[in-house]
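One letter stands for each residue in the lines below.
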Amino acid sequence: MGEPVNIPPIQPPRLRLHVIASGSKGNCSVIEDAATGECAVVDCGISFNAFRAGCEECGIDPSRVGAVLVTHEHTDHTKGLGVLTRGLARLGASPVVYASPAVHGASADLQAIQDAVDLRHFSAGDDISIGRVRAHAFRTSHDAAESFGFLFGCEGDAVGFMTDTGVVTGEAAEALSRCRILAIEANHDLEILAHGPYPAFLKARIAGEHGHLSNAQSADLLSTLLCDELECVVGMHVSLNNNDYRLPREALAAVLEREGHPARALVGFQSRPVSV
Ligand SMILES: [Zn+2]
Ligand SMILES: [Zn+2]
């Protein structure tokens, strides 16, 4: 028998990501502290019934939602904020709602709840504390008043979350560099978009610098973010009109295969929750 090998203990995952809904009909994800059950919601563009059903399917206790983070004011991310905060209040939860001042100013959905909830402002670079979890806000590039992604951290674990961005900003690339779970936008396939029914101005908007990341851009981004910690990448905000759920998963999986990386590639769906 040789000397005992000093293997670091395997740490149980600290954070879980639950994508309850993802896509232009409505977005809502939950970051859960696996040890405490405490949750942060990212965006709510779905009904409270859909949120509750998603929580049940994912094994989340909705009464443990301590914060709601708003990425930007587009209604597919905000139209359920009122029903969410009122519904959670009935369950005894009164989460703090976080938005940037510009997003607050541009969102009728946020203004409609501002007197009923604890609404706090954040700016790019801020770290928001939600129980033991820290959410670091970074700027994205989108046709909104302001837009953000988040890096969630807890005891060395890291989950990166970024949707609704036309390009990858420098601060996004930096924030997402050592994640165990990556949720990154893979909105459209350029070929399907080009040949699809949308008017030219809308096609240009979607593919532009302030639109959405394509499958190919998402795969390029993933290739720059591969690290030993990475276990799972989830393609997000997949378009029902300009994409096919198979394509972003294959594009992300191809990068992992090419690099011999053992991480899994998944996609988030519009109406079927995914937990990782
Ligand atoms: Zn969106
Ligand atoms: Zn948007």
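Check the entry above for the structure.
These notes cover the structure that comes with them. Fair warning: this is a prediction, and the values are worked out from it, not measured in the lab. (Residues numbered from 1 in each chain as written. Chains lettered and ligands numbered in written order. Predicted model: local features only at pLDDT ≥ 70, side-chain atom pairs only at ≥ 80, totals over all residues. Heavy atoms only, no water.)

Our next topic: the side chain of glutamate 73. Inspection of the secondary structure puts glutamate 73 in the loop between β4 (65–69) and α2 (75–78). A distance of 2.7 Å separates the side chain of glutamate 73 from the backbone nitrogen of alanine 145, its partner in a polar contact. Here glutamate 73 is in contact with Thr78, Val103, Ala106, Ser107, Ala144, Ala145 and Glu146, once residues within four sequence places are set aside. (Helix = DSSP H or I, 4+ residues; strand = E, 2+ residues; numbered from the N terminus. Polar contact = N/O pair within 3.5 Å; in protein donor to acceptor, adjacent residues only side chain to side chain. Contact = heavy atoms within 4.5 Å.)

Pairing within the open sheet is mixed, and its seven strands lie in the order β7-β8-β9-β10-β11-β12-β13. With one partner strand each, in any of the chains shown, β7 (127–130) and β13 (264–267) form the two edges of the open sheet. Across this sheet, the average inter-strand angle for adjacent strands is 20°, counted without regard to direction. The pairing of strand β9 (residues 148–154) with strand β10 (residues 157–162) spans five bridges and is classified as antiparallel. Within the sheet, the bridge partner assigned to phenylalanine 152 lies in β10 and is valine 159. Set on the sheet, helix α9 (residues 215–225) makes contact with β10, β11 (181–185) and β12 (232–236); between it and β11 the angle comes to about 155°. Contacts from helix α10 (residues 246–258) reach β11, β12 and β13 within the one sheet, and its direction differs from that of β13 by about 165°. (Pairing = 2+ DSSP bridges. Axes fitted to C-alpha atoms, helices over the stretch in contact; angles between N-to-C directions.)

Coordination of the zinc ion (ligand 2) by the protein involves His72 (NE2), His74 (ND1), His142 (NE2) and Asp164 (OD), with metal-donor separations of 2.2 to 2.5 Å. Of note is the zinc ion (ligand 2), whose four donor atoms meet at the metal with angles of 91 to 174° in an arrangement that counts as irregular. For the zinc ion (ligand 2), the single-chain donor residues occur in sequence as H-x1-H-x67-H-x21-D. Taken as a pair, the zinc ion (ligand 2) and the zinc ion (ligand 1) show a spacing of 3.4 Å, with aspartate 164 coordinating each metal. Taken together, the residues histidine 72 in the loop between β4 and α2 and aspartate 164 in the loop between β10 and α6 (170–175) connect sequence positions 92 residues apart. As far as burial versus exposure is concerned, histidine 72 and aspartate 164 are alike and both buried. (Donors = N, O, S within 2.8 Å, 3.2 Å for Na, K, Ca; no water. Tetrahedral: all angles 85-135°; square planar, octahedral: opposite > 155°, others 65-115°. Buried < 20%, exposed > 50% of the residue type's maximum accessible area, 1.4 Å probe, protein only.)

Strands sit in the order β6-β5-β4-β3-β2-β1-β14 across an open sheet of seven strands; the sheet is mixed. Edge positions in the open sheet fall to β6 (119–121) and β14 (274–275), since each of these has one partner strand only. Here strand β3 (residues 39–42) pairs with β4 via four bridges, running parallel. Following the sheet pairing, valine 42 is matched in β4 by leucine 69. Helix α1 (residues 48–58) contacts β1 (15–21), β2 (28–33), β3, β4 and β14 of the sheet and is inclined by roughly 140° relative to β1.

Before going further, it helps to spend a moment on the pairing of β9. Summarising burial for β9: six of the seven residues are buried, a large majority. Direction of pairing for strand β8 (residues 133–139) relative to β9: antiparallel, over a ladder of six bridges. Bridge assignment links phenylalanine 138 to a residue of β9, and that residue is glycine 149. In this antiparallel pair of consecutive strands, β9 and β10, the connection spans two residues, and glutamate 155 shows a positive phi of 50°.

Right, let's talk about the environment of aspartate 220 for a bit. Position of aspartate 220 among the secondary structure elements: in helix α9. For aspartate 220, a relative accessible area of 52% puts it in the exposed group. As for aspartate 220 and valine 255, which are separated by 35 residues in sequence, their C-alpha atoms are 8.1 Å apart.

Let us now look at the packing of aromatic side chains. Throughout the structure, instances matching the rule amount to five aromatic pairs. Ring geometry for phenylalanine 122 versus phenylalanine 150: centroids 5.7 Å apart, planes at 65°, classification edge-to-face. Of the two residues, phenylalanine 122 sits in the loop between β6 and β7 while phenylalanine 150 sits in strand β9, which places them 28 residues apart along the sequence. Classification of phenylalanine 122 as buried rests on a relative accessible area of 2%. For the ring pair tyrosine 245 and phenylalanine 269, a centre distance of 4.7 Å and an interplane angle of 70° mean the geometry is edge-to-face. One end of the pair, tyrosine 245, is in the loop between β12 and α10; the other, phenylalanine 269, is in the loop between β13 and β14, with 24 residues separating them in the sequence. (Phe/Tyr/Trp six-rings, centres within 6.5 Å; stacked < 30°, edge-to-face > 60°.)

This part is about the coordination of the zinc ion (ligand 1). All of the protein donors around the zinc ion (ligand 1) are Asp76 (OD), His77 (NE2), Asp164 (OD) and His237 (NE2); their distances to the metal are 2.1 to 2.3 Å. Classification of the site at the zinc ion (ligand 1) rests on its four donor atoms, whose angles at the metal span 92 to 168°, yielding the label irregular. Of note, the donors binding the zinc ion (ligand 1) are all from one chain and are spaced D-H-x86-D-x72-H. What makes histidine 77 buried here is its relative accessible area of 0%. Exposure remark for aspartate 164: the relative accessible area of 1% places this residue in the buried category.

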